[in-house]
Amino acid sequence: MPSPRPQPLRRRDLLVGGVAGLAVAAAAAESVWSLREAAREDAIPEPVRAGPIHMQIVAHPDDCLYFINPRIARVLDDGAGLCTVVLTAGEASGANAWSPAAPADFAGYAAARDNGLRRAYALLALGDANAPWDRYLAPLDSGQDVELCVLRDQPRVHVVFCSLWTNLGRITGEFTRLLALWEGRLDDSLVLPPTDSPLTAESTVDRATVQATLLELLDRYRPAVVNTLDPDPDPVHGERLGAEQPGFSDHIDHTAAALFAWEAVRTWGAARTVEAWRGYYNRRWPGNLGAADLEPKGRALDAYAWNDGADCELPSGCGDRLIAGPGAGITYGHATHPRYTAAVAAAEIDGRIRPITVRDHTVQVLGADGWKDLGGPETLPSLDLAGTKLYAISAEHTHDPATHVRDVHCYDLVSGQWQLLGNPAGTGADARIVGQVAAADDGRTALACVRDPDGGLAVRVRREGGEWAAWARLAGPAVHDAPAALAMDGAFTVIAATPDNVAVWEGDGSDWTSRMLDLPGPDELPFLPASAVTAAQAPDGRAVLASRVAGSSDVALHIGRGADWTGMRVPLEGGVLAPALAIGPEGALAVVCDDGTGAPAVLVLELADLEAAGAGRFGLLSRPWTRGDITVVKRPAAAFGSDGALRLWAVAADGELWTAGAEPGGEPPVGWSHAA
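Definitions and cut-offs
Residues numbered from 1 in each chain as written. Predicted model: local features only at pLDDT ≥ 70, side-chain atom pairs only at ≥ 80, totals over all residues. Heavy atoms only, no water. Helix = DSSP H or I, 4+ residues; strand = E, 2+ residues; numbered from the N terminus. Rg over C-alpha atoms; globule rule 2.2 N^0.38 Å. Buried < 20%, exposed > 50% of the residue type's maximum accessible area, 1.4 Å probe, protein only. Contact = heavy atoms within 4.5 Å. Areas by Shrake-Rupley, 256 points an atom, 1.4 Å probe, with all protein chains shown as cover. Axes fitted to C-alpha atoms, helices over the stretch in contact; angles between N-to-C directions. Left-handed = near helix turned anticlockwise from the far one by under 90°. Nonpolar A, V, L, I, M, F, W, Y, C, P; charged D, E, K, R; others polar. Polar contact = N/O pair within 3.5 Å; in protein donor to acceptor, adjacent residues only side chain to side chain. Pairing = 2+ DSSP bridges. Disulfide = S-S within 2.5 Å. Core = buried A, V, L, I, M, F, W, Y, C linked by side-chain atoms within 4.5 Å.

(A) Representation of the overall build of the protein chain within the structure. Looking only at helices and strands, the protein chain has ten helices and 38 strands in total. Compactness check: the protein chain gives a C-alpha radius of gyration of 25 Å against a globular reference of 26 Å for 676 residues, within 12% of the reference. Taking the principal axes of its C-alpha atoms as reference, the protein chain extends roughly 75 × 50 × 50 Å. By residue count, 63% of the 676 residues in the protein chain fall in the buried class. A fraction of 61% describes how many contacts in the protein chain between residues 6 or more apart in sequence connect residues 24 or more apart. Accessible area for the protein chain stands at about 23500 Å²; split by element, carbon and sulfur atoms hold 50% of it.

Structure, rendered in structure tokens:
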């Protein structure tokens with residue numbers, strides 16, 4: 001839905017009588033340490049390039065800790081550098097206390113939040129939340145001044161504070177957020193200098209300046225991976241949460257920051273991969289983090305929230321006291337959901353299984369001579385393969401809410417032709433709901449499936465020798481944005497996680513029925529997945545499903561058809577990606593995901609192993625996972641050759657594709673190597 005449109009604000013409106021008339025109780029006493037570091041006359045340090053750099057572009061100082069971590073902890077452990085760009089000051093009500101009597105100090109509260117983020121990163125990188133930082137005023141060629149913070153004893157960790165006012169209505173009397181700057185309803189935004197910051201209050205920025213700043217930072221740091229918040233938040237269902245925007249579930253600043261970030265990344269065009277992370281809507285899905293991931297996430301949030309009681313000698317405070325703790329919190333701290341994880345597919349081309357992935361926003365296949373661009377549109381990092389057809393989604397993150405584009409495209413591996421399949425909602429706000437595409441093909445009929453804006457799913461079907469039919473909307477419950485589709489002998493099955501169950505749609509491509517699967521789960525209750533559900537077709541026609549178990553990181557595997565299902569729980573310490581599946585010619589089943597260190601975790605079973613619990617039961621299957629020697633950032637892909645050899649591919653922390661393999665009947669691999 002379009003957001004409210006107050007009268008546009010002009011630069012003069014903001015500067016004349018604005019800041020001068022605002023009662024901001026900025027702390028008079030300043031930290032000697034902060035002043036000394038802010039006044040350094042050294043040249044602004046260059047990024048440390050000992051390893052790949054991951055850039056996070058977020059709205060508020062705690063966004064990366066709630067919504068992206070534990071990924072940050074994992075890539076730090078792997079040797080990656082960090083640059084986190086925080087667009088707003090996050091000044092909220094200006095009170096760093098729950099007491100309604102606490103006085104407003106916008107600059108002080110912004111400083112406390114910045115202090116908390118620095119302390120959290122110092123803890124993650126060095127194990128010492130109070131490790132010192134060097135702070136610089138960084139005048140950019142864009143015309144915008146930012147504060148650059150470098151962790152002194154681990155200088156591969158950088159934080160950039162842009163410190164735009166979160167809500168200029170505190171100056172103008174009208175509700176005006178960052179989204180108004182993106183959509184063009186606000187000409188300029190003011191900078192709110194946190195207490196002790198080298199930034200100055202005279203700074204103003206317009207939309208073009210913010211975009212130029214992000215482009216300049218991208219070019220300066222040249223990140224291999226860019227993490228953003230969600231530019232396409234889920235629609236609101238039930239009670240609203242915080243600063244949601246009309247029709248959408250996430251904080252209005254999160255969405256605006258993500259839109260700015262995706263436009264910058266697409267314009268820059270050199271990031272190997274990009275990921276969007278769910279925001280407030282994590283609170284409406286089951287927790288998906290096990291102890292291995294909750295521990296580093298919770299420790300970082302404790303440091304950010306000043307729950308350790310440390311004395312950092314900063315008058316504005318050492319962290320954000322409005323964050324409940326200790327630990328990872330009682331709301332959305334227990335979940336971390338990346339949105340576009342299925343960025344790698346495996347297809348048989350010219351008699352060999354080859355990986356296809358999205359690199360630099362384009363679909364590319366790795367052949368004998370290296371990477372080959374398959375042409376077609378720029379796409380989101382999400383693919384699905386069915387038969388000889390590959391499916392992807394293009395996006396136009398527009399400034400006008402009515403012209404957003406999220407379109408499905410189909411690439412024929414045989415003819416080499418792309419075809420536009422469009423969007424069941426056309427363009428605009430509803431088009432943003434579709435999420436990732438799922439596909440199925442029984443050799444005669446092809447099916448593409450996405451989430452429908454009205455709830456349930458929408459499908460488009462192409463029968464052999466014909467054209468693609470129009471989108472057909474299938475009634476049903478609200479689902480995750482990543483359904484899974486299967487096809488055999490004219491029968492189609494589409495499966496998706498819902499907030500409290502697993503739903504299935506069954507049909508022949510024309511007539512469909514929908515129901516809850518009520519899969520067997522723990523404690524004899526219907527199974528509740530904490531991730532998207534993935535699926536593969538067994539040779540006898542049964543479906544094999546995989547997902548994460550709610551409230552943990554364990555993997556659940558189900559096998560069955562109709563109402564007859566058996567489930568097994570496979571313990572796994574950590575990980576946030578839904579498992580990928582592959583079934584071999586002799587009934588071998590490969591399960592691949594990530595673990596609590598970020599490494600690829602691989603398990604090879606026999607289909608018969610999934611039946612041990614008995615029909616209608618949910619048993620325990622304790623098998624050792626094989627851990628790879630890389631850190632993955634996208635869901636791995638797996639495929640068996642006709643000889644039974646297993647091939648694996650994954651996008652690693654350097655943004656590149658890595659591969660591993662096992663001979664028929666051999667143990668899953670530990671060592672991974674660059675695919676190209």
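(B) Fine view of the packing of helix 5 (residues 106-126) against helix 10 (residues 291-304). In contact at an axis separation of 7 Å, helix 5 and helix 10 are set at 145° when each is read in the N-to-C sense. Helix 5 and helix 10 meet at a crossing whose hand is right-handed. Where helix 5 abuts helix 10, its residues Arg113, Gly116, Leu117, Arg119, Ala120, Leu123 and Leu124 lie against Pro296, Arg299, Ala300, Ala303 and Tyr304. When the residues that make up the contact of helix 5 with helix 10 are grouped by side-chain class, the tally is eight nonpolar, one polar and three charged.

(C) Focus on the side chain of Thr209. Within the secondary structure, Thr209 sits in helix 8 (residues 207-221). The class of Thr209 is buried, set by a relative accessible area of 15%. In this structure the side chain of Thr209 is engaged in a polar contact, spanning 2.6 Å, whose partner is the side chain of Asp206. In contact with Thr209, not counting residues within four places along its chain, are Ser142 and Gln144.

(D) Focus on unusual backbone geometry. Cis peptide bonds are those with omega within 30 degrees of zero, and the linkage from Asn69 to Pro70 qualifies with 20°. By secondary structure assignment, the location of Pro70 is in the loop between helix 3 (63-68) and helix 4 (71-77). Positive phi, normally seen in glycine, also occurs at Arg222, with a value near 45°. Taking the relative accessible area as the measure of exposure, Arg222 reaches 45% and is therefore partly exposed. Not every positive phi belongs to a glycine, and Asp489 is a case in point at roughly 50°. Positionally, Asp489 belongs in the loop between strand 22 (484-488) and strand 23 (491-497).

(E) Looking closely at the sheet that holds strand 30 (residues 580-583). Pairing is antiparallel in the open sheet, where four strands are placed in the order 30-31-32-34. Looking at which strands have only one partner, the edges of the open sheet turn out to be strand 30 and strand 34 (626-627). Strand direction decides the pairing type here: strand 30 and strand 31 (residues 588-594), joined by four bridges, are antiparallel. Following the sheet pairing, Ala582 is matched in strand 31 by Ala590.

(F) Highlighting the state of the cysteines. In total, this model carries zero disulfides according to the counting rule given. Here Cys83 stays free of any disulfide, with the sulfur of Cys162 as its closest cysteine sulfur at 9.5 Å. Given the relative accessible area of 0%, Cys83 is considered buried.

(G) A look at the environment of Pro529. Relative to the helices and strands, Pro529 is located in the loop between strand 25 (512-516) and strand 26 (534-537). Expressed as a C-alpha distance, the spacing of Pro529 and Ala224, which sit 305 residues apart in the sequence, is 31 Å. Leave out the neighbours within four places in its chain, and Pro529 touches Pro286, Ala497, Asn501, Val502, Ser547, Arg548 and Ala550.

(H) Focus on the environment of Ala429. Structurally, Ala429 is set in the loop between strand 17 (418-422) and strand 18 (438-441). In sequence terms Ala429 and Pro453 are 24 residues apart; their C-alpha atoms lie 9.2 Å from each other.

(I) Local environment of the sheet that holds strand 8 (residues 225-229). With mixed pairing, seven strands are arranged side by side in an open sheet as 3-4-5-2-1-8-9. On the outer flanks of this sheet lie strand 3 (133-139) and strand 9 (273-277), each paired with one strand and no other. Strand after strand, the sheet turns through a mean of 20° between neighbouring axes, direction not considered. Here four bridges tie strand 4 (residues 145-151) to strand 5 (residues 157-164), and the two strands are oriented antiparallel to one another. Bridging from a neighbouring strand, Glu147 pairs with Phe161 of strand 5. The strands touched by helix 5 are strand 1 (53-58), strand 2 (81-88), strand 3, strand 4 and strand 5; relative to strand 5, the strand with the most contacts, the crossing angle is about 165°.

(J) A look at the nonpolar core. Membership of the largest hydrophobic core comes to 110 residues, with the highest contact counts inside it found for Leu65, Val85, Leu87, Tyr121 and Tyr391. By residue number, the principal contributor to this core is helix 9 (residues 252-268), which donates eleven residues. Setting aside its immediate chain neighbours within four residues, Leu65 contacts Leu117, Ala120, Tyr121, Lys297, Ala300, Leu301 and Tyr304. In terms of nonpolar packing, the next biggest core, distinct from the first, is built from 22 residues, Leu581, Ile583, Leu605 and Trp625 among them.

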